[in-house]
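Inside the fold
The lines below spell out each chain.
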Amino acid sequence: MTRIDRVMKAMEEQGITQMLVSDPVSVFYMTGIHVEPGERFYGMLLKENGDHVLFVNHLFMIPKEVSFRKVWYSDTDPVMDYVKEYVDASRILGVDKDLKARFLLPLMEGRKTEDFVNASLAVDLTRGIKDKEEQEKMRTASRINDQAMEKLRELVKEGTTEKEIADQLLGIYQELGAEDFSFSPIVSFGANAADPHHMPDDTVLRSGDVVLFDVGCIREGYCSDMTRTFCYGQATDKNREIYDLVHRANEAAIAKIKPGIMLCELDRTARDVIAKAGYGENFNHRLGHFIGLSEHEFGDVSSANKRTAEPGMIFSIEPGIYLPGETGVRIEDLVLVTEDGAEVLNHYPKTLQIIEEK
Ligand SMILES: [Mn+2]
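All values derive from a computational prediction rather than experimental measurement. (Residues numbered from 1 in each chain as written. Predicted model: local features only at pLDDT ≥ 70, side-chain atom pairs only at ≥ 80, totals over all residues. Heavy atoms only, no water.)

Quick look at the side chain of Ser224 now. Residue placement: Ser224 occurs in the loop between strand 11 (222–223) and strand 12 (226–232). A polar contact is formed between the side chain of Ser224 and the backbone oxygen of Ala141, at a distance of 3.3 Å. Leaving out residues up to four positions away in the same chain, Ser224 has contacts with Ala141, Ser142, Asn145, Ser182, Phe183, Val215, Gly216, Cys217, Ile291 and Leu334. (Helix = DSSP H or I, 4+ residues; strand = E, 2+ residues; numbered from the N terminus. Polar contact = N/O pair within 3.5 Å; in protein donor to acceptor, adjacent residues only side chain to side chain. Contact = heavy atoms within 4.5 Å.)

A few words on the coordination of the manganese ion. For the manganese ion, every protein donor is listed as Asp225 (OD), His289 (NE2), Glu318 (OE) and Glu332 (OE), and the spread of their distances is 2.1 to 2.4 Å. Sequence positions of the residues that donate to the manganese ion give the spacing D-x63-H-x28-E-x13-E. Of this pair, Glu318 sits in the loop between strand 15 (314–317) and strand 16 (320–323) while Glu332 sits in the loop between strand 17 (327–330) and strand 18 (333–337), placing them 14 residues apart in sequence. Of the residues examined, Glu318 reaches a relative accessible area of 10% and is grouped as buried. (Donors = N, O, S within 2.8 Å, 3.2 Å for Na, K, Ca; no water. Buried < 20%, exposed > 50% of the residue type's maximum accessible area, 1.4 Å probe, protein only.)

Side-chain pairs of opposite charge can arise whenever the charged atoms involved come near each other. Counted under the stated rule, the structure contains 29 salt bridges. Salt-bridge contacts for Lys137 lead to Glu133; the nearest nitrogen and oxygen are separated by 3.2 Å. Separated by four residues within a single helix, Lys137 and Glu133 lie in helix 6 (residues 132–154), roughly one turn from each other. Given a relative accessible area of 48%, Glu133 falls into the partly exposed group. Notably, a salt bridge pairs Lys350 with Glu251, separated by 3.8 Å at the nearest N-O pair. Of this pair, Lys350 sits in the loop between strand 19 (342–344) and strand 20 (354–355) while Glu251 is found in helix 9 (residues 237–256), placing the two residues 99 residues apart along the sequence. The class of Glu251 is partly exposed, set by a relative accessible area of 35%. (Salt bridge = Lys/Arg side-chain N within 4 Å of Asp/Glu carboxyl O.)

A few words on the domain arrangement of the chain. It is common to give the size of an interface as the accessible area lost on bringing the parts into contact. Each assigned domain of the chain is listed with its residue range as follows: domain 1 (3–127) and domain 2 (132–355). Distance between the C-alpha centres of domain 1 and domain 2: 35 Å. Summing the contributions of domain 1 and of domain 2, the shared interface buries around 750 Å²; its carbon and sulfur component is 58%. On the domain 1 side of the contact with domain 2, Arg3, Leu125 and Arg127 bury the most area, a combined 47% of that side's loss. Residue Arg127 is joined to Glu297 by a salt bridge in which the shortest nitrogen-to-oxygen separation is 3.0 Å. At the junction of domain 1 with domain 2, the criterion picks out two residue pairs in polar contact (both at pLDDT 80 or more). (Domains from an automatic or database assignment. Buried area = accessible area lost by both parts, 1.4 Å probe.)

Let us look at empty space enclosed by the protein. Applying the stated rule across the entire model yields one cavity of 30 Å³ or more. Of the pockets and cavities examined, the largest cavity occupies roughly 30 Å³. Around the largest cavity sit Arg228, Thr229, Phe230, Tyr243, Tyr348, Pro349, Thr351 and Gln353, which together line it. A total of three residues in the lining of the largest cavity trace back to one element, the largest contributor, which is strand 12. Of the residues that constitute the lining of the largest cavity, the class distribution is four nonpolar, three polar and one charged. (1 Å grid on protein atoms, 1.4 Å probe; cavity = no way out; pocket = protein on both sides within 12 Å on 5 of 7 lines; lining within 4 Å. Points joined across faces, edges and corners; volume = space filled by probe spheres on them. Nonpolar A, V, L, I, M, F, W, Y, C, P; charged D, E, K, R; others polar.)

Let us look at the nonpolar core. Met11, Met19, Leu46 and Leu54 are the most contacted members of the largest nonpolar core, which has 34 residues in total. Of all the secondary-structure elements, those providing two or more residues to this core are helix 1 (3–14), strand 1 (18–21), helix 2 (24–31), strand 2 (43–47), strand 3 (53–57), helix 5 (120–128), strand 11 and strand 18. Here this core gets five residues from one element, more than from any other, and that element is helix 1. Looking at which domains feed residues into this core, each of domain 1 (3–127) and domain 2 (132–355) supplies at least three. With residues near it in sequence (within four places) discarded, Met19 still touches Met11, Met44, Leu45, Leu46, Leu93, Gly94, Val95, Asp96, Ala119, Ser120, Ala122 and Val123. (Core = buried A, V, L, I, M, F, W, Y, C linked by side-chain atoms within 4.5 Å.)

Taken together, the side chains of Leu121, Leu125 and Phe298 make up a nonpolar region of the molecular surface, amounting to roughly 210 Å² of accessible area. Considering the arrangement of structural elements, one finds Leu125 in helix 5. (Patch = residues over 30% accessible without salt bridge, like charges linked within 9 Å, V, L, I, M, F, W, Y side chains within 5 Å. Areas by Shrake-Rupley, 256 points an atom, 1.4 Å probe, with all protein chains shown as cover.)

In space, the three strands of this open sheet follow the order 7-10-11, with antiparallel pairing throughout. Each of the sheet's edge strands pairs with one partner strand only, and the pair in question is strand 7 (180–181) and strand 11. Where strand 10 (residues 217–219) and strand 11 come together, two bridges link them in antiparallel fashion. Residue pairing across strands places Ile218 opposite Cys223, the latter belonging to strand 11. (Pairing = 2+ DSSP bridges.)

It is worth spelling out the side chain of Asp209 at this point. Inspection of the secondary structure assignment puts Asp209 in the loop between strand 8 (186–189) and strand 9 (210–215). Buried and unpaired, Asp209 has no salt bridge, with Arg206 as the nearest side chain of opposite charge at 5.9 Å. Excluding residues within four positions of it along the chain, Asp209 makes contact with Phe189, Gly190, Val204, Phe230, Cys231 and Tyr232. (Lys, Arg positive; Asp, Glu negative; His and termini not counted.)

Moving on to the sheet that holds strand 9. Read from one edge to the other, the open sheet built from four strands follows the order 8-9-12-20, with strand pairing classed as mixed. Strand pairing shows two members of the sheet lacking a second neighbour, strand 8 and strand 20, which therefore form its edges. Both strand 9 and strand 12 contribute to a ladder of six bridges, which runs antiparallel. In the strand pairing of strand 12, Val210 is matched with Cys231. Lying on the sheet, helix 6 is in contact with strand 9, strand 12 and strand 20; it crosses strand 12 at an angle near 20°. (Axes fitted to C-alpha atoms, helices over the stretch in contact; angles between N-to-C directions.)

Here's what the structure looks like:
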C-alpha cells in the first residue's frame, strides 16, 4: 500500500471523505515533493475518489511528472477561493492540525463549524508507523549519531567551552555523511546540565563536571536524536548516584517495549525507578517523543498517552534527573518497536564513562 493509500484508509476509518493536509513534511511523506512554503499556502487536498489536488505557488519548483492534479497560484491570487472550488461543500472537510487560521477561516466562511474537523490523526498516526525504507534510514541516521558522539567525546578537554565543542558538530556530521542538524545541539557542562534545553554558551569545563551531549542529525530527510552524559576528570558520589538511576530507568523502560504495551506504562516504568530513589520531582518531562521526518513528531511517551506500542513505531526513551544549580544527567536512545520487542537504534555505550583530564 502506498503512503497515500494508508492515509486514505485512516481517513475512511474516521468517516472522512476529503482532507486538506498542510504540513509540508506530511505532503513530502505522501508525495516525495519537498517544498518549504514559509508564510505561503501549500497543501494537498485528498479526495475519496483518488482525484487529489496539490495547491502550489508558482514560486516553488516541483517535479513535472506527478500523478495528481496541481493547481498553481501566484502571490496576488485568492488561493483559498481556489481551494474552495475543489472542496465538496456538502460534506465534512478534514483538516490537519497545522492548517493556519488565516487559511482555515476563509474556507469556513458561509459554512457551519461542524462542517470542519481536525482529522490530523489520519496522517499523524500513519506517519507514526515507519515502513521498512524509513526504518533503514532511521538506522543510518542513528549510526551516524553514534559515531559523532565518539568524536564529541574526543573534543572534551581542559579549558574548552560548550560553544567551542558545539560549533564543531556540523562539520563532524557532514564528514560522516549527514546533511544537517535535526535540532540545535545541546552541550552542557556541570550545573548547566540541570536545564534540559540548555543552549551552549561560554561556560568553561572544570574537573568534576558532567558533560552532557543531546544531539541529532538529518540523513536523507530522517532525524536522529541521542543523549549521553559523561563525567570529566572524576565522578562525584552524587553524579554516580543519579547516573546509575537514569541508566537503570532507561534500561527498564526499553526492556518493557513490545507491541501492545501502553506508552504511559513505559513512562511509568522509568519514572518509578527515579521516584523510588526520591528524585521524582527532578524528572520534569515526559519520557520520550516520536521522531522521523521531523525531530518531534506527533505522539509521545508520557503518562497521558494510553495508546499502545505497535511494530514500526520509533520514539525516544530519555529519562533524566536535574538538580538545579548543581548537575544533571540524561540518557536517551531511539528505539524501534519490533514484532516481539524493541530494536535500540543507538549503540553508543551507556555505562558511566569518566573522561581523563587532558
Ligand atoms: Mn529527544
